[in-house]
Amino acid sequence: MKAAETVTAQQQSVQHDGDVVLARQMGRQMAMALGFSKPDQALIATAISELARNIVNYASHGTVDAQPVSDGRDTGLHVVVSDRGPGIDDIEAAMTDGFSTGRSLGLGLPGTKRIVDEFDIQSTPGKGVTVTIIKWKHR
Amino acid sequence: MTKVISSSHPASASEAATHANTLSWFDISPLDKERIRELAPVSDQVGDEIINDFYTHILNFEEAAKQFADEAQIARVKKGQKRYFKELVSAELDEAYAEDRRRIGDIHERAGITPTLYIGAYAFYLQRLGHVVLESLEDDPAKAFHLVLSLMKIAHFDMALALETYVGAREKTIETQQRQMSELPTPVLKLRDGLLLIPVVGTLDSYRARSLTVQLLEGIREYRARAVVLDITGVESVDSAVANHLIQTMTAARLMGAKSILTGISADVAQALVKIGVDGENMNTAGDLQQGMELAEKLLGA
Ligand SMILES: Nc1ncnc2c1ncn2[C@@H]1O[C@H](COP(=O)(O)OP(=O)(O)OP(=O)(O)O)[C@@H](O)[C@H]1O
Ligand SMILES: [Mg+2]
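A brief structural summary. Model, not experiment: these values are computed from the prediction. (Residues numbered from 1 in each chain as written. Chains lettered and ligands numbered in written order. Predicted model: local features only at pLDDT ≥ 70, side-chain atom pairs only at ≥ 80, totals over all residues.)

Residue and element names in this part refer to chain B. Read from one edge to the other, the open sheet built from five strands follows the order β1-β2-β3-β4-β5, with strand pairing classed as mixed. Lying at the two open borders of the sheet, with one neighbouring strand each, are β1 (189–192) and β5 (284–286). Averaged over all pairs of adjacent strands, the angle between strand axes in this sheet comes to 30°, irrespective of strand direction. The strands touched by helix α9 (residues 206–223) are β1, β2 (195–199) and β3 (227–231); relative to β2, the strand with the most contacts, the crossing angle is about 155°. (Pairing = 2+ DSSP bridges. Helix = DSSP H or I, 4+ residues; strand = E, 2+ residues; numbered from the N terminus. Axes fitted to C-alpha atoms, helices over the stretch in contact; angles between N-to-C directions. Contact = placed C-beta atoms within 7 Å.)

Put into structure tokens, the structure is as follows:
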């Protein structure tokens, strides 16, 4: 198991379907390097996949930035997924299970919130969306 | 000076503005153009000299030399270089010029000429040109210095244009490769009358999930299948959009009279799907391929 300091911050730009795969692989590899359990690696990969997929589907272009964090007791992976697309008018609605303007399951955002430890979404309509998540190793 | 490329469409006002903006970003003024044009009278002779030196230099390098198939090709490229040089010293720097420099990036990318080769070659070129300028303006070093500075600006402008296109072309190439990868044909195997097996290997992105849908539905029609086993062993990540594709595909299959069974969901994927909120309600699932086949047999028998 490597220490958090040996894992460096990484970025993946997201525009195409293939980038979603690259972004989640990046997250999975960093999680592995940080010593996350296998199920947690899968959860992190899935969370990144959801957020990056939303960029491809609704915002056309954005980035995924991942870096290790520490609060003194525990190590975590901190991921910021942001775009400068149309933004979300009603965040509360978007965070509701089953709400989708893309005729999908509408589980991406609420589901992601359920699988991470910290979740923050900010959006200015017309200016884009920024979602910040943290998954801690031991909680 | 003949224009190399006459643009097929008149440049829009915004393109013209961007172009002007780029020129001022490189701090290129009419004064620079004027200075450079002083080289025009000697351009023929100097051009030939520098270009010959240049090829002697680059052919010393294996990496660069392997770009050339034969003498005839070298002659052709030299001719192109000569034109490039004459355009450089004529310092027209209009949009047609910019377009031509961009095209060079594209050509280089396709020919596999790396930015290192390109920039290195340009640096050599510039350095030789610098010597020529210093020699011809021996008695006015200040003027020579300014001329070299102007040349530097334009050279950087050229390189930026070529590299922008280079990067764009590169991205397109990578995208095509990715597309091809995700189009890896997914085999549709007929196990026995009415029963199909589709093993999905590798990554399942939503593009691939869509093409999987098409293959599965076509397979059902073609083989008059009544049951399909979709095996995703080895797929390491499924998000809600891909799950949605799978659910829709299975629903469509049902409408076509075939039952489908999803097998091979790993424990990690299953756990992630449950937490996201995807329930298995609309899917027939079975643990592994063996169980999936047994379930299919049962469905067919009934
Ligand atoms: N980056 C974004 N920019 C603009 N709108 C977004 C963005 N992300 C999500 N949305 C909006 O929020 C809604 C809910 O997103 P969520 O990911 O929860 O569901 P979905 O993408 O529609 O379906 P699923 O993720 O289950 O396939 C989307 O339908 C879309 O309208
Ligand atoms: Mg989504």
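Here the narrative resumes, following the displayed structure.
So, on to the site of ligand 1. Of all residues adjacent to ligand 1, which total 27 residues, the nearest are A:Asn54, A:Ser100, A:Ser104, A:Gly108 and B:Ser240. Site remark: ligand 1 is flanked by residues from chains A and B. Within the residue set of the shell around ligand 1, elements represented by two or more residues are α2 (38–59) and α4 (108–115) of chain A together with α10 (240–255) of chain B. Within the shell around ligand 1, the residues separate by chemical class into 13 nonpolar, 12 polar and two charged. (Near = placed C-beta within 6 Å. Nonpolar A, V, L, I, M, F, W, Y, C, P; charged D, E, K, R; others polar.)

The next thing to look at is helix α11 (residues 267–276) of chain B. By the burial criterion, the buried members of α11(B) are B:Asp268, B:Val269, B:Ala272, B:Leu273 and B:Ile276. When α11(B) is viewed along its axis, its buried side chains cluster within an angular range of 130° and face the same direction. Buried-residue contacts for α11(B) involve α2 and α4 of chain A together with α10 of chain B. Phi for B:Gly277, located one or two positions after α11(B), is positive at around 115°. (Buried ≥ 20, exposed ≤ 12 C-beta atoms within 10 Å, placed from the backbone. Arc of directions from axis to C-beta.)

What follows deals with the nonpolar core. In terms of nonpolar packing, the biggest core is built from 67 residues, with A:Ile44, A:Ala47, A:Ile48, A:Ala52, A:Val64 and B:Val228 touching the most fellow members. Core analysis: the second largest hydrophobic core is formed by 22 residues, B:Ile36, B:Ala91, B:Ile104 and B:Ala162 among them. (Core = buried A, V, L, I, M, F, W, Y, C linked by C-beta atoms within 7 Å.)

On to α4(A), then. Every buried residue belonging to α4(A) is among A:Gly108, A:Leu109, A:Gly111, A:Thr112 and A:Ile115, and all of these are buried. Buried residues of α4(A), seen end-on, are gathered within an arc of 165° and therefore sit on one face of the element. Taken together, the buried residues of α4(A) touch α2, α3 (91–94), β4 (118–124) and β5 (128–136) of chain A together with α10 and α11 of chain B.

Right, let's talk about the packing of α4(A) against α11(B) for a bit. Running from amino to carboxyl end, α4(A) crosses α11(B) at an angle of 115°, the nearest separation of the two axes being 7 Å. Packed against α4(A), whose contacting residues are A:Gly111, A:Arg114 and A:Ile115, the element α11(B) presents B:Ala272, B:Lys275 and B:Ile276 at the interface. The residue makeup of the contact of α4(A) with α11(B), split by class, is three nonpolar, one polar and two charged.

Let us now look at the environment of A:Ser37. Following the sequence through the fold, A:Ser37 ends up in the loop between α1 (17–33) and α2. For A:Ser37, a count of 13 C-beta atoms within 10 Å puts it in the partly exposed group.

Further remarks concern the interface of chain B and chain A. On the side of chain A, 24 residues touch chain B, which itself brings 21 residues to the contact. Sorting the residues of the side of chain B that touches chain A by element identifies α8 (141–182), α9, α10 and α11 of chain B as the ones contributing at least two each. Sort the elements by how many residues they give to the side of chain B that touches chain A and α11(B) lands first, with six residues. When the residues that make up the side of chain B that touches chain A are grouped by side-chain class, the tally is seven nonpolar, nine polar and five charged.

Turning to the sheet that holds strand β2 (residues 62–70) of chain A, a few remarks are in order. Residues and elements named next belong to chain A. Taken together, five strands build an open sheet; the order of strands is β1-β2-β3-β5-β4 and the sheet is antiparallel. Either end of the sheet is taken by a strand with one partner, and the two such strands are β1 (10–14) and β4. Each strand axis lies, on average, 15° off the axis of its neighbour in the sheet, ignoring direction. The sheet contact formed by β1 and β2 spans five bridges and is antiparallel. Along β2, the bridge assignment pairs Gln12 with Val64.

With that settled, consider unusual backbone geometry. All names here are of chain A. The residue Ser60 is not glycine, and still its phi comes out positive at about 70°. Mapped onto the fold, Ser60 is located in the loop between α2 and β2. Unusually for a residue other than glycine, Arg103 sits at a positive phi of about 50°. Checked against the element boundaries, Arg103 lands in the loop between α3 and α4. Under the C-beta neighbour-count criterion, Arg103 is labelled exposed, with 8 such atoms within 10 Å.

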